[in-house]
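Given next are the chains, with one letter for each unit.
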Amino acid sequence: MPRRERRAQLLESALEVFVAQGYHAAAMDDIAERAGVSKPVLYQHFPGKLDLYLALLDRSCDAIIENTREALESTQDNRQRVEATIAVFYDYVASDSGAFRLVFESDLTNEPAVREQVERVTTETAALVAGVIHEDTGLPDEQSRLLAVSLVGMAQVSARFWLTEAGGLSRPDAAALVAGLAWRGIGGYPRTDEH
């Protein structure tokens, strides 16, 4: 198998093991077995368990940041932007892969490299949202960032709550409900330039 394909296979197997067992309980033996390879093959690609975890975390963080960027760029209508951005977080936690558990429920946040990646999701998604808020409202950067972090936090926390606690509420209905709340708040800030 070509190196790139083998790496992708190993990452998928590792994701399954880390999601099911958490970082501390997962073993490189389990990951190699799940991938159908020997441990030496696994170590050829990843020097250690932390390196493998960080590679997965980086990929997962990049995905949610890029999906947020795409949601914001998908329209110039700010209400639709809010809806699309909230939906990103709901879609992410609803994914069958369970990758969100690495980002939002990691049992390794005391590790600086992991904490940095996890914080990167909030920082970078909020920066994208803040840019839109600042451009549209003319609010100072600090205020735009605070509002953006609040919106990102609302999306992330409510999506995780929905997944475990919201009962029969469908993902689209839950996302729309929270997007409505977010829009009622952020929509109250007047645009400086109605194009």
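These numbers come from a predicted model, not from an experiment.

Undergrad: Can you break down the domain arrangement of the chain residue by residue, with the values?
TA: Segmenting the chain into domains produces domain 1 (1-47) and domain 2 (57-188). Between domain 1 and domain 2, the C-alpha centre-to-centre distance is 29 Å. Residue-level contacts link 8 residues of domain 1 with 8 residues of domain 2. Carbon and sulfur atoms make up 64% of the surface buried where domain 1 meets domain 2, a total of about 730 Å² over both sides. Viewed at the interface, domain 2 and domain 1 are joined by 1 salt bridge. At the boundary of domain 1 and domain 2, one finds 3 residue pairs in polar contact (both at pLDDT 80 or more).

Undergrad: Any details on the UniProt feature "DNA-binding region" (unreviewed entry) in the chain? Residues and values, ideally.
TA: UniProt tags residues 27-46 as "DNA-binding region" (unreviewed entry). End C-alpha atoms of residues 27-46 are separated by 13 Å, and the span's content is 75% helix alongside 0% strand.

Undergrad: Tell me about the nonpolar core, and please be specific about residues and values.
TA: Residues F18, L52 and I86 are the most contacted members of the largest nonpolar core, which totals 59 residues. At the level of secondary structure, the elements contributing two or more residues to this core comprise α1 (3-25), α2 (28-35), α4 (49-73), α5 (78-94), α6 (100-104), α7 (112-137), α8 (141-165) and α9 (171-186). A total of 10 residues in this core trace back to one element, the largest contributor, which is α4. Here this core spans two domains, since at least three of its residues come from each of domain 1 (1-47) and domain 2 (57-188). Every residue in contact with F18, bar those within four places of it in the chain, is listed here: Y23, A26, I31, K49, L52, Y53, L56 and L102.

Undergrad: I'd like to hear about the UniProt feature "domain: HTH tetR-type" (unreviewed entry) in the chain, residue by residue, with values.
TA: Annotation from UniProt places "domain: HTH tetR-type" (unreviewed entry) at residues 4-64. This span, residues 4-64, is 87% helix and 0% strand, and a straight line between its end C-alpha atoms measures 22 Å.

Undergrad: So, the pattern of salt bridges: which residues are in play, and what are the values?
TA: Side chains bearing opposite charge may pair, as long as their charged atoms lie close to each other. Taken as a whole and judged by the stated rule, the model has 12 salt bridges. The salt bridge partner of R34 is E16, with a shortest N-O separation of 2.9 Å. Remark: E16 occurs in helix α1 and R34 occurs in helix α2; sequence separation between them is 18 residues. The exposure class assigned to R34 is partly exposed, which follows from its relative accessible area of 44%. Since its relative accessible area comes to 41%, E16 is described here as partly exposed.

Calculation notes
Residues numbered from 1 in each chain as written. Predicted model: local features only at pLDDT ≥ 70, side-chain atom pairs only at ≥ 80, totals over all residues. Heavy atoms only, no water. Domains from an automatic or database assignment. Contact = heavy atoms within 4.5 Å. Buried area = accessible area lost by both parts, 1.4 Å probe. Salt bridge = Lys/Arg side-chain N within 4 Å of Asp/Glu carboxyl O. Polar contact = N/O pair within 3.5 Å; in protein donor to acceptor, adjacent residues only side chain to side chain. UniProt positions renumbered as here; feature names shortened; annotations may be inferred. Helix = DSSP H or I, 4+ residues; strand = E, 2+ residues; numbered from the N terminus. Core = buried A, V, L, I, M, F, W, Y, C linked by side-chain atoms within 4.5 Å. Buried < 20%, exposed > 50% of the residue type's maximum accessible area, 1.4 Å probe, protein only.

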